Amino acid sequence: MNWTAIKSIYVFEMTRFFRTFLQSLISPVLSTSLYFVVFGAAIGSRINEVEGVSYAAFIVPGLIMLSVMTQGISNGSFGIYFPKFIGTIYELLSAPVSFLEIVVGYVGAAATKAMFIGVIILITAFFFVDLHIMHPGAMVLFLVLTCVSFSLFGFIIGIWAKNFEQLQLVPLLIVTPLVFLGGSFYSISMLPPVWQAISMFNPVVYLISGFRWAFFGIADVPIGTSLMAIAAFTGLCLLVVGWIFRTGWRIRE
Amino acid sequence: MSTILEIRDLKKSYDGGFEALKGVNLSIEEGEIIALLGPNGAGKTTLISAICGIVMPTSGSVSVGGHDIGTDFRAARTLIGLVPQEVALEPFEKVINTVRFSRGLFGKRGDDALIETILKRLSLWDKRNNQIKELSGGMKRRVLIAKALAHEPRVLFLDEPTAGVDVELRKDMWDIVADLKADGVTIILTTHYIEEAEAIADRIGVIAKGEILLVEDKDALMLRMGKKELEVQLSAPLDALPASLQSDTVRLGPDGSSLIYTYDTRAERTGITKLLSDVAAEGLVLRDVVTRQSSLEDIFVTLVKEDAA
């Protein structure tokens with residue numbers, strides 16, 4: 001392993017993040033605060049507790065997941081798409097680095113950025129609601145796995161995208177609806193039975209449910225199923241990345 | 001000198017059936033500067049891209065310093081530095097950071113003293129903390145060179161380094177290349193400026209339509225090019241060259257109907273006056289006198305045309 005190269009990619013990417021640190025921070029903090037005001041205070045005050053948890057607290061895991069998933073995808077895809085777009089990818093391809101090292105560097109940085117945002121939202125949440133995290137270890141595990149797997153997914157989108165429109169297409173048309181319909185703001189049990197059944201096909205449901213379990217010990221699906229779902233998603237992304245690695249698809253044609 | 005780059009039957013074809021490289025063979029000696037001349041679309045950039053790992057060759061082999069670029073890509077690529085044709089740089093990054101990044105990417109530990117030397121040599125030191133987007137086009141090209149040199153490559157590829165740059169910068173580039181050669185770096189540059197190849201190369205390769213048409217020592221080529229021929233057409237053909245005209249530089253033309261004299265246009269005395277007076281002394285009657293010169297450009301154009309035919 002060329003660790004120096006991995007570190008170089010990672011540091012280079014993180015520098016870009018810190019160059020625009022304030023913008024990177026203000027946006028998620030502001031939008032999360034708005035969610036708390038609108039859903040937590042305004043609407044939440046008219047909603048009874050959900051499975052024993054106040055509504056404002058109930059939406060915290062979903063809000064973090066929402067941000068972490070979209071941030072992971074956008075960081076992961078932009079990180080590799082930008083060098084392709086401006087042409088600096090020539091240097092990556094001509095360097096003595098394997099594709100695995102490129103992936104570790106870029107996805108590592110993208111996941112770290114997503115993690116940052118997730119933690120900042122969590123800290124913001126403490127200002128609005130009274131939160132107790134029941135299983136902190138599981139919470140961290142879910143957070144890390146989600147950051148990594150969605151950054152990987154973003155990386156694949158970044159490799160696939162031929163233009164900025166395509167780069168936005170998957171996050172906008174597929175991921176955002178899945179995340180919103182994945183139980184970020186409600187428990188699946190609140191839905192009519194038909195929609196409950198349909199929701200089971202939404203992979204995001206398992207992730208949010210698992211993450212919420214780590215906070216409050218309540219879940220829409222068993223925690224084991226959630227873990228298997230995130231492991232399967234990560235595995236699938238790794239398989240696709242491995243295939244890209246072997247074929248040079250859309251990078252080394 | 002030992003061979004540092006060995007290209008064997010390198011082919012690259014694309015899905016549409018287009019053959020960008022049609023079996024290129026080339027050996028490059030350590031420490032030499034070779035210029036690859038060719039028109040646009042000749043395959044120069046594809047050749048470089050295939051060697052450097054940017055495109056996958058369809059078949060053939062390339063080894064750098066004895067390391068195969070496929071099976072031993074780490075060792076091979078560590079030896080290579082690439083300055084691409086297009087200026088591709090992260091616009092918001094500082095000059096020094098992007099050069100440091102390049103070194104790290106090649107697995108080398110940070111060496112600020114070396115980076116300082118490189119930046120100073122390329123007149124970039126004063127701009128080290130500037131963002132790339134603040135630099136002029138010429139400065140950006142220098143940054144590309146600095147990035148390529150940051151990991152101390154033994155072989156440097158310069159893909160049209162002076163395309164679209166002003167005369168002053170072009171001369172600067174040539175000086176930089178001369179410095180690198182003095183350090184023992186092997187340089188492969190592509191260009192379509194014949195003047196550039198003449199100015200800095202040890203050997204010249206001509207490439208067109210994915211094939212190497214000629215690789216020759218520049219001095220030998222220049223010798224051929226610097227020579228001019230004077231053809232003295234005679235009214236009556238000769239059976240043999242008269243004794244007074246016999247020399248290494250005079251030969252009898254086809255059918256004995258002309259004398260062909262080869263001379264160096266750059267010499268102080270061309271010897272034409274003496275030749276003509278010797279011809280007059282032999283009592284030969286002249287029908288016509290023709291001179292012709294083959295330039296590198298002529299050779300280049302002829303080769304490319306022959307290939308197209």
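Along each chain, the written sequence defines residue order, and numbers are assigned to residues from 1. Chains carry letters and ligands carry numbers; both start at the beginning, A for chains and 1 for ligands, and go up in the order they are written. Where local features are concerned, this predicted model is filtered to residues with pLDDT of at least 70; where side-chain atom pairs are given and counted, the filter is 80 or more; whole-chain, interface and lining totals use all residues.

The name given to chain B in an unreviewed UniProt entry is Multidrug ABC transporter ATP-binding protein, with Pseudosulfitobacter pseudonitzschiae as the source organism.

The name an unreviewed UniProt entry gives chain A is Transport permease protein, with Pseudosulfitobacter pseudonitzschiae as the organism. Quoted verbatim from the Sequence similarities (unreviewed entry) field of UniProt, the annotation for chain A is "Belongs to the ABC-2 integral membrane protein family." UniProt positions are given in the numbering used here, feature names are shortened, and annotations may be inferred rather than shown by experiment.

A. Representation of the packing of helix α6 (residues 136-160) of chain A against helix α10 (residues 223-247) of chain A in the model. Residues and elements named next belong to chain A. Angles here are taken between N-to-C directions and fall from 0 to 180 degrees, while the axes themselves are lines fitted to C-alpha atoms, restricted in helices to the stretch in contact. Secondary structure elements follow DSSP: runs of H or I no shorter than four residues count as helices, runs of E no shorter than two count as strands, and numbering proceeds from the N terminus. With their axes 9 Å apart at the nearest point, α6 and α10 run at an angle of 30 degrees to one another. Taken together, α6 and α10 sit at an angle that is classed as roughly parallel. At the point where α6 passes α10, the crossing takes the left-handed sense. Across from Leu145, Thr146, Val148, Ser149, Leu152, Phe153, Phe155, Ile156 and Ile159 in α6, the residues of α10 making contact are Ile230, Phe233, Thr234, Cys237, Leu238, Val240, Val241 and Ile244. Gly counts as polar in this scheme, as do all residues outside two lists: the nonpolar Ala, Val, Leu, Ile, Met, Phe, Trp, Tyr, Cys and Pro, and the charged Asp, Glu, Lys and Arg. Tallied by class, residues from the contact of α6 with α10 come to 14 nonpolar, three polar and no charged. An angle below 35 degrees is treated as roughly parallel, one above 145 as roughly antiparallel, one from 65 to 115 as roughly perpendicular, and anything else as oblique. For any helix crossing, the convention is left-handed if the near helix is rotated counterclockwise from the far helix by under a right angle, and right-handed if that rotation is clockwise. Two residues qualify as a contact pair if the distance between their C-beta atoms, derived from the backbone, is within 7 Å.

B. Just the domain arrangement of chain B, in detail. What marks off one domain from the next here is an automatic or database domain assignment. Assigned domains of chain B: these are domain 1 (3-222) and domain 2 (227-294). Put simply, the middle of domain 1 of chain B and the middle of domain 2 of chain B, counted by C-alpha atoms, are 46 Å apart.

C. Focus on the interface of chain A and chain B. Taken together, the 21 residues of chain A in the interface contact 27 residues of chain B. Where the side of chain A that touches chain B is concerned, the elements lending two or more residues are α1 (3-19) and α4 (89-94) of chain A. For the side of chain A that touches chain B, the leading source of residues is α1 of chain A, giving seven residues. Within the side of chain A that touches chain B, the residues separate by chemical class into eight nonpolar, eight polar and five charged.

D. Layout of the sheet that holds strand β1 (residues 3-13) of chain B. Ordered by their spatial adjacency, four strands build an open sheet running β2-β1-β4-β5 (chain B), and the pairing between neighbours is antiparallel. One side of each edge strand has no neighbouring strand; the edge strands of this open sheet are β2 (19-29) and β5 (67-68) of chain B. At least two bridges found by DSSP between two strands are what make those strands a pair.

E. Summary view of the pairing of strand β14 (residues 286-293) of chain B. Residue and element names in this part refer to chain B. Within β14, only zero of the eight residues are buried, which leaves the element largely exposed. Here seven bridges tie strand β11 (residues 227-234) to β14, and the two strands are oriented antiparallel to one another. Within β14, the position partnered with valine 232 by the bridge is valine 289. Comment: burial labels come from other C-beta atoms within 10 Å of the residue's own C-beta, placed from the backbone, where a count of 20 or more is buried, 12 or fewer is exposed, and between is partly exposed.

F. Spatial organisation of the nonpolar core. Put simply, a nonpolar core is a cluster of buried Ala, Val, Leu, Ile, Met, Phe, Trp, Tyr and Cys residues tied together by C-beta atoms within 7 Å. Judged by nonpolar contacts, the single largest core of 144 residues is most densely connected at Tyr106 of chain A together with Ala35, Val64, Ala146 and Phe157 of chain B. For this core, the element with the most residues is helix α3 (residues 55-86) of chain A, which contributes 16 residues. When near neighbours in sequence (up to four residues on either side) are disregarded, valine 64 of chain B contacts Ile4, Leu5, Ile69, Ala76, Leu79, Ile80 and Val155 of chain B. One finds Val232, Val250, Leu259 and Tyr261 of chain B within the second-largest nonpolar core, a separate group that totals seven residues.

G. Looking closely at helix α1 (residues 44-52) of chain B. Taking burial as the measure, the nine residues of α1 of chain B include nine buried ones, the bulk of the element. Directly after α1 of chain B, the chain includes glycine 53 of chain B, whose backbone phi takes a positive value near 100 degrees.

H. Spotlight on the packing of helix α5 (residues 99-128) of chain A against α6 of chain A. Residue and element names in this part refer to chain A. Put simply, α5 and α6 touch, their axes get as near as 8 Å, and they point 130 degrees apart. Judged by the angle between their axes, α5 and α6 are oblique. In terms of crossing hand, the pair formed by α5 and α6 is right-handed. Side by side, α5 and α6 meet where Val103, Tyr106, Val107, Ala110, Ala111, Ala114, Met115 and Gly118 of the first sit next to Leu143, Cys147, Val148, Phe150, Ser151, Leu152, Gly154 and Phe155 of the second.

I. Representation of the sheet that holds strand β7 (residues 155-159) of chain B within the structure. All names here are of chain B. Strand order in the open sheet made by the six strands is β6-β7-β8-β3-β9-β10, with mixed pairing throughout. Edge positions in the sheet fall to β6 (80-83) and β10 (211-217), since each of these pairs with one other strand and no more. Looking at each pair of strands side by side, their axes are set apart by 15 degrees on average, direction ignored. When β7 meets strand β8 (residues 186-191), the two strands line up parallel, connected through five bridges. Bridge assignment links aspartate 159 to a residue of β8, and that residue is threonine 190. Running at roughly 145 degrees to β7, α1 makes contact with β3 (33-37), β6, β7, β8 and β9 (203-208) of the sheet. Across the sheet, helix α6 (residues 167-182) lies against β3, β7 and β8, angled at about 155 degrees from β8, the strand it touches most.

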